[in-house]
Amino acid sequence: MTTTPPIKLGLFMPNCSFSMSMSTYKPHPEEWEFEYNVRIAQLAEAEGFDFLFPSARWRGMGGETNYQGTNFETFTWAASMLQRTQRIGVYSTVHVPVYHPFLVAKMGAGLDYMSGGRWGLNVVSGWNQTEFKMMGLDIADHARRYERTTDYIKVIKGLWTCEPGTFDFESEWYQIHQGWISPMPHSKPYPPIINAGTSEAGRNLVATECDWSFMCPPSVEASGGMVSDIKQRAAKVGRQVRCVAALFLIIGDTEAAAEEEKQRILEQADREALSNWLAGLSMDSNSFDSHTLDMFCLSGGSTPLVGTPASIAEAIIEMNRQGMDGVLLSFLDYYAGTQKFAREVIPLLEKAGIR
Ligand SMILES: Cc1cc2nc3c(=O)[nH]c(=O)nc-3n(C[C@H](O)[C@H](O)[C@H](O)COP(=O)(O)O)c2cc1C
């Protein structure tokens, strides 16, 4: 008998080049290519993963890798992934300043309808100055950014739940008059909405408007506190939010082999891309104060777990014990990594009763 709820498994897909390490050490630098994404998506589906999740990126970080500089826009990417899979969930990630919420509601309703309820939305308020300057867009200061994101999600939910032609919304940021979306989404009351804000304003947004909180705990031990903070904030406003940890996995046959692989990534760090990434940060939020440079280099911020299948399974089981409802996985070598995880880690999660 399991005492903890089952854990959801997601894959943080390589829809951007050099996902996720800022390093020239990459077995398959062409992994971002469309057919690679399809192969990896189909493998994840066959191995019972629950969802595929993309990064939203518009330009690279320079350096030798031009980290994430070649990338698929995530609505068009999601449409293709849904078409080439049968059961797995697929998300799109939107930057609030780039897409009007009406367009997001319309495209999302269409994808969810056409896929029979397999689509979901990750909303990003924005932090990368370089990208938004490129488009002549303003991301606003941090507090105002989250005010806008709150209105943004209200507009999308309103359009997804009110009878077509009946939704009105008036705020400083958005005005909708008799908003009409048809067909409506397949999922009821609406497709899942994720936000990965870590700041005070970000966590309040998740608690009041979102269904899932995605996070990068600085350690396994720190995850319990982060989870209960979000769940308590949501409970105060009569809501339930579930939590997912973004993990970058290096799985070796021995601890030493996994550690050596980690060192190879770090030794070949793309220092220029890394410093451009840090220079473009406009968090104003202390969100990543506990992150180390190694954490950014290995995984763009996801929590690195380095070890054997047994120690990785133990870390995930421990996070689940602390209330984590899912994990979002990334790998240096996605196909081989997903396969190794499925063959050697999932059976241990099953044995523990959480899959
Ligand atoms: C799992 C995860 C996925 C994220 N995906 C993206 C992304 O695709 N594009 C992006 O610009 N930011 C992304 N972010 C950044 C967050 O949306 C958010 O801006 C960041 O965590 C800072 O939080 P704050 O705004 O509360 O300070 C992601 C963060 C996490 C933890």
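Our subject is the structure that appears above.
Residues numbered from 1 in each chain as written. Predicted model: local features only at pLDDT ≥ 70, side-chain atom pairs only at ≥ 80, totals over all residues.

J.: Mind laying out the overall build of the protein, listing which residues take part and the relevant values?
T.: Helix and strand counts for the protein stand at twelve helices and eleven strands. The principal-axis extents of the C-alpha atoms in the protein amount to approximately 60 × 50 × 40 Å. Per-residue burial over the protein gives 48% buried out of 355 residues. A separation of at least 24 residues holds for 76% of the contacts in the protein among residues at least 6 apart in sequence. (Helix = DSSP H or I, 4+ residues; strand = E, 2+ residues; numbered from the N terminus. Buried ≥ 20, exposed ≤ 12 C-beta atoms within 10 Å, placed from the backbone. Contact = placed C-beta atoms within 7 Å.)

J.: How would you sum up helix α11 (residues 309-321)? Please name residues and give values.
T.: Look at α11: 18 Å from first C-alpha to last across 13 residues, which is about the 18 Å you get at 1.5 Å a residue. Within α11, the full set of buried residues consists of P309, I312, A313, A315, I316, I317, M319 and N320. Where α11 is buried, its residues meet α7 (220-236), β9 (242-251), β10 (303-307), β11 (326-331) and α12 (334-351). Phi turns positive, to about 105°, at G323, one or two residues after α11. (Expected span 1.5 Å × (residues − 1).)

J.: Could you give an account of the nonpolar core, naming the residues involved and the relevant values?
T.: Ranked by internal contacts, the top residues of the largest apolar core, which has 99 residues, are L52 and L249. In this structure, L52 is in contact with L11, M13, A41, A44, M81, I88, V90 and Y91, ignoring residues within four places of it in sequence. (Core = buried A, V, L, I, M, F, W, Y, C linked by C-beta atoms within 7 Å.)

J.: Any chance you could break down the packing of helix α5 (residues 142-161) against helix α6 (residues 200-209) for me, citing the residues and the numbers?
T.: Relative to each other, α5 and α6 sit at 15°, their axes nearing to 10 Å. Classed by the angle they form, the pair α5 and α6 counts as roughly parallel. With respect to the hand of their crossing, α5 and α6 are arranged in right-handed fashion. Residues H142, A143, Y146, T149, T150 and I153 of α5 lie in contact with α6, whose contacting residues are A201, G202, L205 and E209. Considering only residue class, the contact of α5 with α6 consists of five nonpolar, four polar and one charged. (Axes fitted to C-alpha atoms, helices over the stretch in contact; angles between N-to-C directions. Parallel < 35°, antiparallel > 145°, perpendicular 65-115°, else oblique. Left-handed = near helix turned anticlockwise from the far one by under 90°. Nonpolar A, V, L, I, M, F, W, Y, C, P; charged D, E, K, R; others polar.)

J.: Give me the lowdown on the environment of K188, citing residues and values where you can.
T.: Within the secondary structure, K188 sits in the loop between β6 (175-179) and β7 (193-195). Residue classification places K188 among the exposed positions, given that 10 C-beta atoms sit within 10 Å. Along the primary structure K188 and T161 are separated by 27 residues, whereas in three dimensions their C-alpha atoms are 8.5 Å apart.

J.: Outline the environment of P309, listing residues and values.
T.: Among the secondary structure elements, P309 is positioned in helix α11. A sequence separation of 32 residues divides P309 from F341, and the C-alpha atoms of the two residues are 7.4 Å apart. Apart from the residues lying within four places of it in its own chain, the contact partners of P309 are I251, E344, V345 and L348.

J.: Lay out unusual backbone geometry with the relevant residues and their values.
T.: Of the consecutive residues S19 and M20, the connecting peptide bond is found in the cis state with omega at -5°. Note that the residue after S182, namely P183, is joined by a cis bond; omega there is 5°. By the element assignment, P183 lies in the loop between β6 and β7. Notably, F18 is not glycine yet its phi reads approximately 65°, a positive angle. Looking at the element boundaries, F18 is found in the loop between β1 (8-12) and α1 (34-46). Look at F18 and you get buried, because 26 C-beta atoms sit within 10 Å. Residue N66 is not a glycine yet carries a positive backbone phi of 45°. Within the secondary structure layout, N66 lies in the loop between β2 (51-53) and α2 (74-83). Taking the C-beta count within 10 Å as the criterion, N66 has 17 such neighbours and is therefore assigned partly exposed.

J.: Lay out the pairing of β6 with the relevant residues and their values.
T.: In this structure, strand β5 (residues 167-170) lies alongside β6, joined through three bridges in antiparallel fashion. Bridged to F167 within β6 is G179. Between β5 and β6, which follow one another and run antiparallel, lie four residues. (Pairing = 2+ DSSP bridges.)

J.: How would you explain α1 if you had to name every residue and give the values?
T.: In this model, α1 (13 residues) spans 18 Å end to end at C-alpha, consistent with the 18 Å of a helix rising 1.5 Å per residue. N37, I40, A41, A44 and E45 are the residues of α1 that are buried. Buried residues along α1 cover an arc of 140° about the axis, so they all sit on one side. Here the buried face of α1 lies against β1, β2, α2 and α12. Downstream of α1 by one or two residues, G48 has phi in the positive range, about 90°. (Arc of directions from axis to C-beta.)

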